[in-house]
Amino acid sequence: MTSARKPVVEVRRSQRRHRTVSAYRDGERVVVLIPARFSRAEEHEWVDKMLARLAAREQRARRGDRELLARCRRLAARYLPEHPAAANPASVRWVSNQNGRWGSCTPADRTIRISDRMQGMPGWVLDYVLLHELAHLVVPNHTPRFWSLVARYPKAERARGYLEGVCAAAGLSLAED
């Protein structure tokens, strides 16, 4: 999610909650938990506070392009060691314009782009997407040889299931690569 779009907020009031307020992201929406006794003004104040806190926490968690490239190199060394030249991207960067896929690769110029929607996902899911794009540097299309390279990642099927679940929950239909 980009900072320009305000998320859908669901406020849940609880009789058991007396003073504490918490918030968490549930897919594309933010759930804010507040005490039932809060007035509407207090609710609005706390929703704004919690959105700011959540945004700050997510900003701290954002990974830079340099870290992304280093992560790619570690994955290539571990899972594609017999392809040191081929599995060596010229650049790896976060992009905000990929709404139909998690990542993309251009083998001709050896560039990899990863959707910034991946930033809030678990590291093992990000690693799967990175390895998928690295495998395209070795094998540009989705042949059995390509999938055998991707399958070297031990959590490949689990990560694919996670991404399919994210798509299903958000009502998205994303491309394979």
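Description of the structure in this document. (Residues numbered from 1 in each chain as written. Predicted model: local features only at pLDDT ≥ 70, side-chain atom pairs only at ≥ 80, totals over all residues. Heavy atoms only, no water.)

**Examining the side chain of Ser115**
Going by this rule: Where helices and strands are cited, they refer to DSSP runs of H or I of at least four residues and of E of at least two residues respectively, numbered from the N terminus. Throughout, a residue-residue contact means that at least one pair of heavy atoms, one from each residue, lies within 4.5 Å.
Structurally, Ser115 can be placed in strand 6 (residues 111-115). For Ser115, the residues in contact, after removing those within four places along its chain, are Trp94, Val95, Gln98, Arg101, Trp102 and Gly103.

**A word on the nonpolar core**
As a reminder of what qualifies: For our purposes a nonpolar core is just a set of buried Ala, Val, Leu, Ile, Met, Phe, Trp, Tyr and Cys residues, chained together by side-chain atoms within 4.5 Å. To sort residues, take the accessible area from a 1.4 Å probe on protein chains only and compare it with the maximum for the residue type: under 20% means buried, over 50% means exposed, and anything in between is partly exposed.
Counting residues in hydrophobic clusters, the biggest one holds 36 residues, and the most contacted among them are Ile114, Met118 and Leu134. Taken together, the elements giving at least two residues each to this core come down to helix 2 (65-79), strand 4 (91-95), strand 6, helix 3 (123-138), helix 4 (144-150) and helix 5 (156-170). Looking at this core, the element that brings in the most residues is helix 3, giving eleven residues. Other than its neighbours up to four places away in sequence, Leu134 contacts Cys72, Leu75, Ala76, Leu80, Ala87, Pro89 and Ile112.

**Some words on the sheet that holds strand 4**
Selection criterion: A pair of strands is treated as paired once DSSP finds two or more bridges between them. Orientation is described by axes fitted as lines to C-alpha atoms, over the contacting stretch for helices, and by angles from 0 to 180 degrees between their N-to-C directions.
Within the open sheet, the three strands sit side by side as 4-6-5. Their pairing is mixed. Looking at which strands have only one partner, the edges of the open sheet turn out to be strand 4 and strand 5 (103-106). With strand direction ignored, the average angle separating the axes of adjacent strands in the sheet is 20 degrees. Pairing analysis gives four bridges linking strand 5 to strand 6, with the strands arranged antiparallel. Residue pairing for strand 6: Thr106 is matched across the bridge by Thr111. Helix 2 contacts strand 4 and strand 6 of the sheet and is inclined by roughly 130 degrees relative to strand 4. This element, helix 3, spans strand 4, strand 5 and strand 6 of the sheet and lies at about 155 degrees to strand 6.

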